[in-house]
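# Examining the three-dimensional arrangement
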Amino acid sequence: QLQLVESGGGLVQPGWSLRLSCGASGFTSDYSIGWFGQAPGKEREGGSCISSSGSWTYYADSVKGRFTISRDGAKNTVYLQMNSLKSEDTAVYYCVAASRQLFRRCLIRTEYDYWGQGTQVTVSS
């Protein structure tokens, strides 16, 4: 059973940066990983994802150019570097994993088998 644990959330001002981390137990190189955000009163939406090898990434238009997803296989950790944060980025961010390659399906919530508990990111002045 794969377990995902997010960290790195917090309260920041607009324009600032944060880096989220997703640590996994039982991690294998076969998993595709994504980050989803759930803003207050809204459904969870896919923001970014990375292939098992780390060679392929995909981003939602809302975060493209500002967020970067990466993975460190040796540490079993996936990161989300969030730059130029906006108030609309305020959400609980979830790390998700799927035991197959998803490519352009990777922003679809139902494609994922495992979810972390989430970490809160609040962007406010």
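Computed from a predicted model, the values in this text were never measured in an experiment. (Residues numbered from 1 in each chain as written. Predicted model: local features only at pLDDT ≥ 70, side-chain atom pairs only at ≥ 80, totals over all residues. Heavy atoms only, no water.)

What follows concerns the overall build of the chain. Looking only at helices and strands, the chain features zero helices and eleven strands. Of the regular secondary structure in the chain, the N- to C-terminal order runs β-β-β-β-β-β-β-β-β-β-β. Seen through its C-alpha atoms, the chain measures out along the principal axes to roughly 40 × 25 × 25 Å. The buried share of the chain, taken over its 125 residues, is 46%. Taking as baseline every contact in the chain between residues at least 6 positions apart, the subset at least 24 positions apart corresponds to 59%. Counting every atom, the chain has about 6400 Å² of accessible surface; 46% of that belongs to carbon and sulfur. Taken as two groups, the 12 positive and 10 negative side-chain charges of the chain have centres that lie 3 Å from each other. (Helix = DSSP H or I, 4+ residues; strand = E, 2+ residues; numbered from the N terminus. Buried < 20%, exposed > 50% of the residue type's maximum accessible area, 1.4 Å probe, protein only. Contact = heavy atoms within 4.5 Å. Areas by Shrake-Rupley, 256 points an atom, 1.4 Å probe, with all protein chains shown as cover. Lys, Arg positive; Asp, Glu negative; His and termini not counted. Charge placed at Lys NZ, Arg CZ, Asp CG, Glu CD.)

We now examine the environment of serine 17. Checked against the element boundaries, serine 17 lands in the loop between β2 (10-12) and β3 (18-25). Residue class for serine 17 comes out partly exposed when judged on its relative accessible area of 38%. Distance in space between the C-alpha atoms of serine 17 and cysteine 49 is 19 Å, their sequence separation being 32 residues. Those residues within four positions of serine 17 in sequence are excluded, and the remaining contacts are Val12, Gln81, Met82, Asn83, Ser84 and Leu85. Within the structure, serine 17 has its side chain in polar contact with the side chain of asparagine 83 (distance 2.9 Å). (Polar contact = N/O pair within 3.5 Å; in protein donor to acceptor, adjacent residues only side chain to side chain.)

Backbone geometry at asparagine 76 places phi at a positive 50°, although glycine is not the residue there. Mapped onto the fold, asparagine 76 is located in the loop between β7 (67-72) and β8 (77-82). The phi dihedral of phenylalanine 103 is positive, around 50°, even though this residue is not glycine. Within the secondary structure, phenylalanine 103 is located in the loop between β9 (91-98) and β10 (114-115).

Turning to the sheet that holds β7, a few remarks are in order. Read from one edge to the other, the open sheet built from four strands follows the order β1-β3-β8-β7, with strand pairing classed as antiparallel. Each edge of the open sheet carries a strand with a single partner, namely β1 (3-7) and β7. Across the sheet, the mean angle separating the axes of adjacent strands is 20° when strand polarity is ignored. (Pairing = 2+ DSSP bridges. Axes fitted to C-alpha atoms, helices over the stretch in contact; angles between N-to-C directions.)

Quick look at the packing of aromatic side chains now. Aromatic ring pairs are reported here in terms of the distance separating the ring centres and the angle at which the planes meet. Under the defined criterion, the tally for this structure stands at six aromatic pairs. Arranged with centres 5.3 Å apart and planes meeting at 80°, the rings of tryptophan 56 and phenylalanine 103 form a pair that is edge-to-face. With a gap of 47 residues between them, tryptophan 56 in the loop between β5 (45-50) and β6 (57-59) and phenylalanine 103 in the loop between β9 and β10 connect regions that are remote in the sequence. Among the residues examined, tryptophan 56 registers a relative accessible area of 24% and is labelled partly exposed. Both rings, one in tyrosine 94 and one in tryptophan 115, keep their centres 6.0 Å apart while their planes meet at 70°; by these two values the pair is edge-to-face. Of the two residues, tyrosine 94 sits in strand β9 while tryptophan 115 sits in strand β10, which places them 21 residues apart along the sequence. For tryptophan 115, a relative accessible area of 27% gives the class partly exposed. An aromatic cluster is built from Phe36, Tyr94, Tyr112 and Trp115, whose rings are joined through pairwise contacts. The side chain of arginine 44 reaches across the aromatic face of tyrosine 94, ending 3.8 Å from its centre. (Phe/Tyr/Trp six-rings, centres within 6.5 Å; stacked < 30°, edge-to-face > 60°. Lys NZ or Arg CZ within 6 Å of the ring centre and 35° of its normal.)

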